[in-house]
Amino acid sequence: MQIFDRLKERFGMSGSGLAMADKNPWGGSGSKGDGESSSGDNSEGGGSDGPRNPWLPGGGSGDGKRRSASIEDIFKNRGPEGPNRGGSGGGPNFRMPERPGGGSWLPIIIALIVLVGLALTSMHLIQPKEKGVVKTLGAYTRTLDSGLNFTFPYPIETVEIEDVEGVRAVNIPASGDSAKLILTGDQNLVDLSYIVRWRINDLADFKFQLAEPIETVGEVAEAAMRASVAEKTLDATFTGAGRAEIQQAVRERMQETLDAYRAGIQVVGVEIAKADPPSEVVDAFRDVSVAEQNADAARNLARGYAQQTIAGAEGEAEAFDKVYEQYRLAPEVTRQRLYYETMERVLGQTDKTIVEAEGVTPYLPLPELRRRATPPAPITAQAQPTEQGQ
Amino acid sequence: MEALWNNYRWAIILVGLLIIGLMMSAYIVNEEEQAVVVRTGEPVRTVNTPNGVTGPGLYFRVPLIESVRKIEKRVLDLEMTDEEVLSNDQQRLLVNAYARFRIVDPQRMIERAGTTEGVRVALEPILNSALRQELGRRTFAAMLTAERGNALANVKVNLDREARQYGAEVIDVQIKRTDLPSGRPLESAFQRMESDREREARTIRAQGTRDARIIRAEADAEAARIFANAFGKDAGFYDFYRAMQSYDETFRKAREGENGRGESSIILSPDNEYLQQFRGRR
């Protein structure tokens, strides 16, 4: 690409307004140039019946006169004083364009393409996160670090570049999949989803040891996870500590297996994203936590009752103690006083009937009692309508 | 140009032929592949096999007579289909395993299996039956956990023995999944889990009730102790004191009645203790 850019610059400098030769070696193949000088520009600006020139700069041809340069112009201009084009197909004969045989430029074009190809396959700009493996005639020879690197061109050396620093994540089960149930050690099922994060440890191993390294990570993860969960009880998979243990076990197991495969992969971490009971039985599990709360509530209520009871008892006992202290100082008088005070309170508020002599039938004022019992009812009955009326 | 052609015609033709010949006879074996050279249908030599002496690189063959077949050298994946395995306590388990293998003798592989795909096809039923056989000897619980590694080592040995006949080497066998088959076994597992949880919930509730009762009873006992401690000092006075409180309490409703008057009626005999002074008696 850089070479094309450079060519374009040169064309711009040498735009001497020479008329195009009728026989343009580029023919109508506008796609051979780069995108900027599209053939649409040509037909618009040129407006002539000449062949399309892919190298024509767009927009600068309002007067209908072509200010373009062909590849022949360049070589013509450069010919005498510029450096020799290095023995390619054109040979020493710079009068070539004037010959009717335009096809004679073909070798130069082929040479250019080959040169570009060689440049592209021998220069490798490797990003900081990346590394590249070099195969010399198919055999792995070295690993390229980041930066600009040079190798022999294509058929001799090939380079495969891979991001080695970036941590990749695998979701299991994959987001589209339905829940995958895993059997626990106590033969229960748990709905588990987790993320495995890994990166390339050794690029050569990663490239040359496993045919499908990325799929392998997923499979190894699944095997390790199921083996680890099978060592735990269902309840342990729900607790934080149990989960941490599972994560650790899976990571170690995976690393061991991948190292045995010489996969060149390092497992950075395994995180359990979700560990739930299967949806079919989730209600029963919820009921357990509800039961726990119920039990706690019952205990709390009982504790409240206990505090109240004991405080009450203490108060009562304390009150008795105080009175008893006074009573001991003057037992008889205190006793009498308490008795009369109580009787006053009790009898002062109640209806009393004293039956004087035997044989007298007391009259119980039952209608009066009833009358006294009724008044409250109308009062409440009246209160409601007024409230509604407001 | 024409002069060049005229002067060096034979040289150019010779170079051209050489290039064409080179292209027909040279071949590159990559790091990740191994190659078998087949001469008229018969494998004659190998390049870059895992245990061979030759490495990857540029090699030559006799054009037209010899052809080159390239075979994956890296570790390949053999995945089995879900297989229902019966444990020796008659429980069903859906098992899914995978094996990792590598072609170590490509010449034999080409003769016996043709392609790596052929090796897979040949090995898969063997893996299935080896696994079924090995796991079928164990109990359901053992299938899940403890002897897993042991069983898999046996499966690996069995499978490897078979794989050698196809020029392959088995590196590892792992159980990827052990699931309960859908339908009855899965449903009964759910039922068991559900009843398990119900039992747990019930136990927790009962424990809560038990704890609550104990807490209340302890409080009651403590209150009784406090009362006994205080009142035991003078049982006679307590009887009187408490009786007074009790009267107050019993007629409280009356005292706090609607119009300040109680609804209770008390019929007193003049002989009543309270009224003993009523007649000025002394």
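In this text the structure is predicted, and so the values were computed from the model without any measurement. (Residues numbered from 1 in each chain as written. Chains lettered and ligands numbered in written order. Predicted model: local features only at pLDDT ≥ 70, side-chain atom pairs only at ≥ 80, totals over all residues. Heavy atoms only, no water.)

K.L.:
Please explain the overall build of chain B as it appears in this structure.
P.N.:
Scanning chain B from N- to C-terminus turns up 9 helices and 10 strands. The burial tally for chain B puts 38% of its 282 residues in the buried class. For chain B, the proportion of contacts with a sequence separation of at least 24, taken over those separated by at least 6, is 65%. Summing over all exposed atoms, chain B offers an accessible surface of approximately 16000 Å²; the carbon and sulfur share of this is 51%. (Helix = DSSP H or I, 4+ residues; strand = E, 2+ residues; numbered from the N terminus. Buried < 20%, exposed > 50% of the residue type's maximum accessible area, 1.4 Å probe, protein only. Contact = heavy atoms within 4.5 Å. Areas by Shrake-Rupley, 256 points an atom, 1.4 Å probe, with all protein chains shown as cover.)

K.L.:
Would you take a moment to explain the environment of B:Phe237 for this structure?
P.N.:
Note that B:Phe237 resides in helix H8 (residues 235–250). Aside from chain neighbours lying at most four places away, what touches B:Phe237 is A:Phe320, A:Val323, A:Tyr324, A:Tyr327 and A:Leu338.

K.L.:
In this structure, what is going on with the interface of chain A and chain B? I would like to understand it.
P.N.:
When the parts of a complex come together, some accessible area is lost, and that lost area is often taken as the interface size. Taken together, the contact pairs 88 residues of chain A with 91 residues of chain B. Counting the contacts that link chain A with chain B gives 10 salt bridges. Residue B:Glu32 pairs with A:Lys135 through a salt bridge whose shortest N-O separation is 3.1 Å. Between the two partners, chain A and chain B, sit 21 residue pairs in polar contact (both at pLDDT 80 or more). Of all the elements, helix H9 (residues 282–329) of chain A adds the most residues to the side of chain A that touches chain B, at 28 residues. In terms of residue class, the side of chain A that touches chain B is made up of 48 nonpolar, 15 polar and 25 charged. (Salt bridge = Lys/Arg side-chain N within 4 Å of Asp/Glu carboxyl O. Polar contact = N/O pair within 3.5 Å; in protein donor to acceptor, adjacent residues only side chain to side chain. Nonpolar A, V, L, I, M, F, W, Y, C, P; charged D, E, K, R; others polar.)

K.L.:
I tried to follow the sheet that holds strand E2 (residues 33–39) of chain B on my own but got confused; where do I start?
P.N.:
Hydrogen bonds between backbone atoms are what pair the strands of a sheet, whose relative direction is either parallel or antiparallel. Residues and elements named next belong to chain B. Strand order in the open sheet formed by 3 strands is E3-E2-E5, with antiparallel pairing between adjacent strands. If you trace the sheet from one side to the other, it starts and ends with strand E3 (42–47) and strand E5 (66–72), each paired once. Adjacent strand axes in the sheet meet at a mean angle of 30 degrees when their direction is disregarded. Here E2 runs beside E3; their pairing, made up of 5 bridges, is antiparallel. Within E3, the residue paired with Ala35 across the bridge is Val47. (Pairing = 2+ DSSP bridges. Axes fitted to C-alpha atoms, helices over the stretch in contact; angles between N-to-C directions.)

K.L.:
I would appreciate a short explanation of the environment of A:Leu347 in the present structure.
P.N.:
In this structure, A:Leu347 sits in helix H10 (residues 331–347). We classify A:Leu347 as buried; its relative accessible area is 7%.

K.L.:
So what exactly am I meant to see when it comes to a nonpolar patch on the surface here?
P.N.:
Residues and elements named next belong to chain B. A surface patch of nonpolar side chains, about 770 Å² in accessible area, is lined by Leu4, Trp5, Tyr8, Trp10, Ile12, Ile13 and Leu17. Counting residues per element, the ones that place at least two in the nonpolar patch are helix H1 (2–7) and helix H2 (9–25). Here Leu4 is to be found in helix H1. (Patch = residues over 30% accessible without salt bridge, like charges linked within 9 Å, V, L, I, M, F, W, Y side chains within 5 Å.)

K.L.:
What should I look at first to understand the sheet that holds strand E5 (residues 157–163) of chain A in this one?
P.N.:
All names here are of chain A. Strand order in the open sheet formed by 3 strands is E3-E2-E5, with antiparallel pairing between adjacent strands. On the outer flanks of this sheet lie strand E3 (139–144) and E5, each paired with one strand and no other. Direction aside, neighbouring strands of the sheet carry axes that sit 25 degrees apart on average.

K.L.:
Where do I start with the pairing of strand E2 (residues 130–136) of chain A in this structure?
P.N.:
Note on strand geometry: in a regular strand, side chains alternate between the two faces of the sheet. Residues and elements named next belong to chain A. As paired strands, E2 and E5 are joined by 7 bridges and run antiparallel to one another. Paired with Thr136 across the two strands is Glu157, which belongs to E5. When E2 meets E3, the two strands line up antiparallel, connected through 5 bridges. When the bridges of E3 are listed, Gly132 appears paired with Leu144.

K.L.:
What am I meant to see in the pairing of strand E8 (residues 189–200) of chain A here?
P.N.:
Residues and elements named next belong to chain A. Within E8, 10 of the 12 residues are buried, which leaves the element mostly enclosed by the surrounding structure. Sheet topology note: the strand E6 (residues 168–172)/E8 ladder contains 5 bridges and is antiparallel. Residue pairing for E8: Asn171 is matched across the bridge by Ile195. With 3 bridges connecting them, strand E7 (residues 181–183) and E8 associate as antiparallel partners. Directly across from Leu183, in E8, lies its bridge partner Leu189. If you look at the hairpin formed by E7 and E8, you'll find 5 residues sitting between the two strands, and Gln187 has a positive phi there, around 60 degrees. Sheet topology note: the E8/strand E9 (residues 265–276) ladder contains 10 bridges and is antiparallel. Directly across from Ser193, in E9, lies its bridge partner Lys274.

K.L.:
I'm lost on the packing of H9(A) against H10(A) in this one. Help?
P.N.:
Residues and elements named next belong to chain A. Two elements in contact, H9 and H10, have axes separated by 5 Å at closest approach and are oriented at 125 degrees. One finds that H9 runs oblique with respect to H10. On the side of H9, the interface is formed by Val323, Gln326, Tyr327, Arg328 and Leu329, while H10 contributes Pro331, Thr334, Arg335 and Leu338. Across the contact of H9 with H10, the residue classes break down as 5 nonpolar, 2 polar and 2 charged. (Parallel < 35°, antiparallel > 145°, perpendicular 65-115°, else oblique.)

K.L.:
Sorry, what's going on with the confidence of the model for chain B here?
P.N.:
All names here are of chain B. Taken as a whole, chain B shows an average pLDDT of 84; of its residues, 90% reach a score of 70 or greater. Mean pLDDT per element in chain B: helix H9 (residues 252–255) is the minimum at 55, and helix H7 (residues 184–231) is the maximum at 91. Both confidence scores are given for the complex: pTM 0.65, ipTM 0.75. (pLDDT = per-residue confidence, 0-100.)

K.L.:
How should unusual backbone geometry be read in this particular structure?
P.N.:
A negative phi angle is the norm for most residues apart from glycine, just as the trans form is the norm for most peptide bonds. The amide bond that connects A:Ile172 to the next residue, A:Pro173, takes the cis arrangement and shows omega of -5 degrees. Here A:Pro173 is to be found in the loop between E6 and E7. Phi angles above zero are rare outside glycine, and A:Gln187 is one such case at about 60 degrees. Tracing the backbone through its elements, the reader meets A:Gln187 in the loop between E7 and E8. Here the phi dihedral of B:Thr40 falls at roughly 45 degrees; this positive angle occurs in a residue that is not glycine. Along the chain, B:Thr40 turns up in the loop between E2 and E3. Overall, B:Thr40 belongs to the exposed group, its relative accessible area being 65%.

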